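# Structural features, examined
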Amino acid sequence: MFTGIIEEIGRLKNFDGGRIEISCAKILDDMKIGDSISTNGICLTVTDFGEDFFAADVMPETLRRTSLAEIHGGGGVNLERALKIGDRLGGHIVSGHIDGVGKIIRVRPEGNAIFFDVAAENFLLRQIAAKGSVALDGISLTVVDATAENFSVSMIPHTREVTNFGGKRAGSLVNIETDVLAKYVDRLINFKAASQNLTRDFLIENGF
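## Focus on the sheet that holds strand β10 (residues 139-146)
Around the barrel, six strands lie side by side as β7-β8-β11-β10-β9-β12; this closed barrel has antiparallel pairing. Between one strand axis and the next, the sheet turns by 45° as a mean value, whatever way the strands run.

The structure is reproduced here in structure tokens:
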């Protein structure tokens, strides 16, 4: 479990499709094999580490669901260690389980802030509400506005400086994790609607 408060920007050292190595420094403190590290919002399990890197295995499902395959050598990734019991919860509850990928369609300044407009698929937008929480590449952000086609977030200069969003432009892909409460509400509403036509096939399809 994470908070969406990024600790440092790591750099892609090596990635062969099944194993990823990330150069880093701060998060190596007290690191152990089996630790969970949020990497651009993706919960990865440490399988190896050294003086300036950690490594993790990446499943095909992770590649299908995220923008990880789009990162090239030296590319920056947002890193956060798992939440400790008793830590301050500065962002919101983030699981590190990516729901899908969005695309930044517009970057626009307003005063000292920068707005990012993000297009996403309907099933993701259904779980995103104005003034609610969303994690983009693992960053805890507040949704400014949400429509049927896209949503927007606003970012202060500090957040851009300490995350990989300093290099994000229109066309950049971002990993999206919607708020966990929104997932359950969406599931309950759609399950209730589906159960009105309850059939044996429906039960099998949904694991009953």
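## Focus: the pairing of strand β8 (residues 113-119)
Here β8 lies mainly inside the structure; six of its seven residues are buried. The sheet contact formed by strand β7 (residues 100-110) and β8 spans seven bridges and is antiparallel. Pairing of Val 107 across the sheet is with Phe 116, part of β8. In this antiparallel pair of consecutive strands, β7 and β8, the connection spans two residues, and Gly 111 shows a positive phi of 65°. Two elements, β8 and strand β11 (residues 150-155), share six bridges in a ladder whose sense is antiparallel. Residue pairing for β11: Ile 114 is matched across the bridge by Met 155.

## Section: the packing of aromatic side chains
A full pass over the atoms with the stated rule returns one aromatic pair. Arranged with centres 5.0 Å apart and planes meeting at 85°, the rings of Phe 116 and Phe 165 form a pair that is edge-to-face. One end of the pair, Phe 116, is in strand β8; the other, Phe 165, is in the loop between α3 (157-162) and β12 (173-178), with 49 residues separating them in the sequence. For the cation-ring pair, Lys 13 lies above Phe 53, with the distance from its terminal atom to the ring centre recorded as 4.5 Å. Above the plane of the ring of Phe 165 lies Lys 168, whose end atom (NZ or CZ) is 5.8 Å from the centre.

## Observations regarding the layout of surface pockets
The volume enclosed by the largest pocket comes to roughly 430 Å³. Forming the boundary of the largest pocket are 19 residues, of which Glu 7, Arg 81, Ala 82, Lys 84 and Asp 87 lie nearest the centre. When residues of the lining of the largest pocket are traced back to their parent elements, those giving at least two are β3 (36-39) and β6 (76-81). Counted by class, the lining of the largest pocket contains six nonpolar, three polar and 10 charged residues.

## Concerning the pattern of salt bridges
Applying the stated criterion across every chain yields a total of 12 salt bridges. In this structure, Glu 21 and Arg 19 form a salt bridge, with 2.9 Å as the shortest nitrogen-oxygen distance. On the basis of relative accessibility, which here comes to 14%, the residue Glu 21 falls in the buried class. Taking relative accessible area as the criterion, Arg 19 reaches 27% and is therefore assigned partly exposed. Where salt bridges share partners, they join Arg 19, Glu 21 and Asp 48 into one cluster.

The rules behind each value
- Residues numbered from 1 in each chain as written.
- Predicted model: local features only at pLDDT ≥ 70, side-chain atom pairs only at ≥ 80, totals over all residues.
- Heavy atoms only, no water.
- Pairing = 2+ DSSP bridges.
- Helix = DSSP H or I, 4+ residues; strand = E, 2+ residues; numbered from the N terminus.
- Axes fitted to C-alpha atoms, helices over the stretch in contact; angles between N-to-C directions.
- Buried < 20%, exposed > 50% of the residue type's maximum accessible area, 1.4 Å probe, protein only.
- Phe/Tyr/Trp six-rings, centres within 6.5 Å; stacked < 30°, edge-to-face > 60°.
- Lys NZ or Arg CZ within 6 Å of the ring centre and 35° of its normal.
- 1 Å grid on protein atoms, 1.4 Å probe; cavity = no way out; pocket = protein on both sides within 12 Å on 5 of 7 lines; lining within 4 Å.
- Points joined across faces, edges and corners; volume = space filled by probe spheres on them.
- Nonpolar A, V, L, I, M, F, W, Y, C, P; charged D, E, K, R; others polar.
- Salt bridge = Lys/Arg side-chain N within 4 Å of Asp/Glu carboxyl O.

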